[in-house]
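Structural overview for review
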Amino acid sequence: MPDFLPYVLVSLALVGLLAVVLEEVIHINKAQVVLFLGALSWVLLFIFTPDAAHHERVQAGLEENIAEIASLWLFLLAAMTFVAYLNKKGLIESVIYKLLPRQISERKLLLLAALFAFAFSSLADNITATLISVALILSLRLPAKKTLRFATVMVFSVNSGGVAMITGDVTTLMIFLAGKVSITNLLLLSAPALLAVLVLAALLARPLNAVATIDRQPTAVQRVDVVIAVVFLLTILSTILCNVVFDIPPVLSFLTGLSVMFLVARAFGEDTENHPILNYIRQIEFDTLLFFLGILLLVGSLKEIEALDTFVRLYEFLPAWAANYLMGLLSAMIDNVPLTAALLKADVSMSLQEWMSLTYAVGVGGSLLIIGSAAGIVAMSKIPALTFGAYLRYFAALLIAYSVGYGAVLVLGQFVTH
């Protein structure tokens, strides 16, 4: 491999990051830019392979990268189709109206939204939890500035809720499977993670002094809609159960649930020639999927040249607790999955307390920037006002909440011995 190639690939990744940050300035869709740069990175890897053996390694790396992307795409396709149907039918909005009082203070409403996102993401994956939480926020029809505060808290809450469950966050599952933490250890993380959410909610709720009036608009809910909602909930629960008990990939469970949804719609006469159930797939914002594709291609190319392994060297110069804190900050800019994989592969020597702090850091740290987590990217694609710059306004509050939670994990770790 030519000496210049790693520098070129890293430069392309940085250009892609800038394209996302400056989307409002350059007026070019971020999905288009990162997709081009991601594909170009792999093209360059193939062009400059020095020999047949290296070519085979690049080919294997691309196949692995594409397989991961395909799994994510199909999972998103299934989850988004469920949510698109239930949202279009007004079922989610109807449930919210029944649970919420007609009048409620905006501060209390923000807290309830944060707790809902936290609890739901503990059971479901972050993407599904985000889609449901975004639908909840949009259904409230708040002013744009207030919607931004709700969305910021929601993204942080979703990432925080998933950190304590192996079904809630990929990096948590990776660290668990590597034998670094136990299920009991992970469940303990829910306390400091919840504390961080409450701190952020308190900080962002300060300017909210009004009383929100929930406009209860009765929506006619058909029997088929309720059945499909039940199918959706059962799909989530079975995904968790099948993954834990039988190690079935979540994408397979969700595709099964999606197919059941189609059959149920057909059985109830919802799937007609004039209104086919498959039309709900077309309502998915494929910009989001293309953005994921480009980002994961870029990150995959960096992993191929082992550029991410350089972050492991932090542990040679800093104590583990400080390096883990920085890893959380880095996960806001770099995909936390390859970052965590690099750390596990390097077999960094850490105590149980330090592995718990790393689990929290890489799981919650991505919340600091809107592009740092799947929850943020999905929310950004669904809420027009939620841009990189708009989310960045709350960076100080996000950093404070993240730091409080991290400190609580370190204190908690003092009392955990196994």
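Preceding block: the structure.
Not measured: the values here are computed from a predicted model. (Residues numbered from 1 in each chain as written. Predicted model: local features only at pLDDT ≥ 70, side-chain atom pairs only at ≥ 80, totals over all residues. Heavy atoms only, no water.)

**Observations regarding the overall build of the protein**
The line we're drawing: Helix and strand assignments come from DSSP, with helices taken as H or I runs of at least 4 residues and strands as E runs of at least 2, each series counted from the N terminus. Throughout, exposure labels follow a simple rule: accessible area from a 1.4 Å probe, protein chains only, divided by the maximum for the residue type, with under 20% read as buried, over 50% as exposed, and the rest as partly exposed. Contacts were defined at the residue level, with two residues in contact if any of their heavy atoms lie within 4.5 Å. For the area figures, the Shrake-Rupley method with a 1.4 Å probe applies, and any residue is considered shielded solely by the protein chains shown. His is not counted, nor are the chain ends, whereas Lys and Arg count as positive and Asp and Glu as negative. Charge positions come from single atoms, namely NZ of Lys, CZ of Arg, CG of Asp or CD of Glu.
When you go through the protein residue by residue, the secondary structure sums to 22 helices and two strands. Viewed in the frame of its principal axes, the protein has a C-alpha envelope of about 65 × 55 × 50 Å. Here the protein holds 418 residues, and the buried ones make up 55% of them. Contacts in the protein between residues at least 24 apart in sequence constitute 80% of all its contacts with a sequence separation of at least 6. A total accessible area of about 18800 Å² is found for the protein, and carbon and sulfur atoms account for 66% of it. Averaging the locations of the 23 positively and 27 negatively charged side chains of the protein gives two centres separated by 16 Å.

**A closer look at the pattern of salt bridges**
Our working rule: Definition used for salt bridges: Asp or Glu carboxyl oxygen within 4 Å of a side-chain nitrogen of Lys or Arg.
The final tally for this structure, using the stated rule, is two salt bridges. Residue Lys303 is joined to Glu64 by a salt bridge in which the shortest nitrogen-to-oxygen separation is 4.0 Å. Of this pair, Lys303 sits in helix H15 (residues 286-304) while Glu64 sits in helix H4 (residues 52-88), and the two are 239 residues apart along the sequence. In this structure, Lys146 and Glu106 form a salt bridge, with 2.7 Å as the shortest nitrogen-oxygen distance. With a gap of 40 residues between them, Lys146 in helix H8 (residues 144-162) and Glu106 in helix H6 (residues 106-123) connect regions that are remote in the sequence. You can call Lys146 partly exposed: its relative accessible area is 23%.

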